[in-house]
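Structural description and commentary
In case you want the letters, here they are:
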Amino acid sequence: MNWKRGATGVILAVPILALLLFGLGQDPRAIQSPLPGGDAPGFRLAVLDGTPTDRAMLVTTADGSPGDTISLEAHRGEVVVLNFFASWCVACRVEHGVLDRGARRYADRGVRFYGVLYQDSPENALRWIRAMGGQVYPSLLDPSSRTAIDFGLYGVPESYFIGPEGTLVYKHVGPLTDEVLTRKLDEILAGSAS
Amino acid sequence: MTAAAFATLALLAGSDPGSAAPQVAEPPAAAVQATQQPERGAPPTGESLEAQTRELASKLRCVVCQGLSIEDSPSELAREMKGVIREQLAAGRTPEEVTEYFVARYGEFVLLAPEPRGFNLVVYLAPVLALLGGAGFLALRIRSWVARPEDGVTDLSVDDDDAFLDREAYFDDGALFDDDVPEGVASARHETTDRRDG
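In every chain, residue numbers begin from 1 and rise along the written sequence. All chains are assigned letters beginning at A, and all ligands numbers beginning at 1, according to the order in which they are written. Totals for whole chains, interfaces and linings use every residue, but because this is a predicted model, local features are given only for residues with pLDDT of at least 70 and side-chain atom pairs only at 80 or more, for both listing and counting. To obtain the side-chain values, all non-hydrogen atoms of the structure were used and water was disregarded.

Residues and elements named next belong to chain A. The disulfide criterion is simple: two cysteine sulfur atoms within 2.5 Å. Inspection of every chain in the model, using the stated rule, returns 1 disulfide over all chains. One disulfide in the model links C89 with C92; its S-S distance is 2.1 Å. Its S-S torsion of approximately 90° makes the covalent link between C89 and C92 right-handed. Residue class for C89 comes out buried when judged on its relative accessible area of 5%. Think of it in three bands: residues with accessible area under 20% of the maximum for their type are buried, residues over 50% are exposed, and the middle band is partly exposed, with areas taken using a 1.4 Å probe on protein chains only.

The next subject is the interface of chain B and chain A. With 25 residues of chain B at the contact, the number on the chain A side is 27 residues. The salt bridge definition used is simple: a Lys or Arg side-chain nitrogen within 4 Å of an Asp or Glu carboxyl oxygen. Here chain B and chain A share 3 salt bridges between them. The term polar contact refers here to a pair of N or O atoms within 3.5 Å; inside protein, the definition further demands a hydrogen-donor-capable atom paired with an acceptor-capable atom, and it admits residues adjacent in sequence only when both atoms are side-chain atoms. Linking chain B to chain A there are 8 residue pairs in polar contact (both at pLDDT 80 or more). Broken down by secondary-structure element, the contributors of at least two residues to the side of chain B that touches chain A are helix 4 (76–90) and helix 5 (95–106) of chain B. A helix here means a DSSP run of H or I that spans at least four residues, while a strand means a run of E at least two residues long, and both kinds are numbered starting from the N terminus. Among the elements that line the side of chain B that touches chain A, the one with the most residues is helix 4 of chain B, at 7 residues. For the side of chain B that touches chain A, the per-class residue count stands at 15 nonpolar, 3 polar and 7 charged. Contact definition: two residues touch when any of their heavy atoms are within 4.5 Å. In this count, Pro and Cys sit with the nonpolar residues alongside Ala, Val, Leu, Ile, Met, Phe, Trp and Tyr, while Asp, Glu, Lys and Arg are called charged and the others, Gly among them, polar.

Let us look at helix 1 (residues 3–24) of chain A. All names here are of chain A. Given a rise of 1.5 Å per residue, 22 residues ought to cover 32 Å, and the 30 Å separating the end C-alpha atoms of helix 1 matches this to within 8%. By the largest-angle criterion, A13 marks the main kink of helix 1, which is about 25°, and a proline, P15, follows within four residues. The backbone nitrogen of K4 lies 3.2 Å from a side-chain oxygen of the residue at the head of helix 1, namely N2. Expected span of a helix: the number of residues minus one, times 1.5 Å. At every residue, the bend is computed as the angle between two fitted axes, covering the seven residues ending there and the seven beginning there respectively.

Looking now at the pattern of salt bridges. Residues and elements named next belong to chain A. If you walk through the whole model with that rule in mind, you get 18 salt bridges over all chains. Residue K171 is joined to E158 by a salt bridge in which the shortest nitrogen-to-oxygen separation is 3.3 Å. Taken together, the residues span a long stretch of sequence, with K171 in strand 7 (residues 168–173) and E158 in strand 6 (residues 158–162) at a distance of 13 residues. In terms of burial, K171 and E158 fall into one category: buried. Here the salt bridges do not stand alone but share partners, grouping D54, E78 and R112 into one network.

Bringing the packing of helix 3 (residues 46–57) of chain B against helix 4 of chain B into the picture now. All names here are of chain B. Think of each axis as a best-fit line through the C-alpha atoms, taken over the contacting stretch in the case of a helix, with angles from 0 to 180 degrees between the N-to-C directions. Running from N to C, helix 3 and helix 4 cross one another at 130°; their axes reach a closest spacing of 9 Å. With respect to each other, helix 3 and helix 4 are oriented oblique. The interaxial crossing formed by helix 3 with helix 4 has right-handed handedness. Residue-level contacts link L49, E50, Q52, T53, R54, L56 and A57 of helix 3 to K82, I85, R86, L89 and A90 of helix 4. Partitioned by chemical class, the residues of the contact of helix 3 with helix 4 number 6 nonpolar, 2 polar and 4 charged. Orientation categories follow fixed angle ranges, with anything under 35 degrees roughly parallel, anything over 145 roughly antiparallel, 65 to 115 roughly perpendicular, and all other angles oblique. Crossings are classed by handedness, with left-handed meaning an anticlockwise turn of the near helix from the far one by less than a right angle and right-handed meaning a clockwise turn.

Geometric values such as these leave the question of function open.
Encoded structure:
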């Protein structure tokens, strides 16, 4: 074994090992969406009947009567938390309490919470919400997942934090915790106040 | 050898992959106009719409199963995504614009063939590099293997076992570096070279 062979071996092996080491630090299943930081995609979704709804937020139809849809446009100046969930989603069970507590705590600070049902039937969703002990915020229907795709969703639960200017500030993949929810909302509220 | 290899690589990098995949990242405005103009006229319908949808769907990665294209994936979300492709094409969007729609939401991850630029170039260049490196290494080894039998015939009759083993060890070690040849072996090698040449 001479030193030149050793050197050649090291020169060949180091970049390969570095590449593999870099790969170890990556989650191959995580998808980094480029959306956060830009404008949140607009949406207009029907409310799931049986969930509490602020009638004032319903989009009025052409004849002036209140319809049954909610649009993002109507929420300028408010912070919106959009949570995609399904009754078949196990992690959503853990998260439901966090969202419900958050919705109560931030109700008077201009934060709106919405659930968006993902690939599930309204009946299942209603039964599930009842089983979870009910919720104080409305849930919306996204029957062909168009809004989910618009937001770059690839699984449930996923939550999107939209600032008062309509900017998608933060995307959370997986169940939210009290800590993350509080920290992100306080950041957004502090940012918009200054 | 290495200079030639790098020149070849540079050529490959410059010419080959750029044309292979659609250019999503900010193509010059003029080029966009030129390529999109003919398709702006009439959105595809019927069979041609289905064919275009299938073609595009097979280039995009399903974000649920991740190893499959949207076309091949049985997942619900992939089906809906294929629906989005069909809708957008039918509305007169070009395949490039539809691709851009998905890249803007899911990142380059959705492209089954990554864009050949930046760090992605590793994927395109590493195999070429490994192939050229391997070929170069083999060429060097074969040259030393070819040189051996001739030496072997004369060496076998040499009484000096140590000298023989030295040479054997030297060639086994791979005659990659000329200046690594031990003293005695060096002279022996020069002898054979002279014999062959003369």
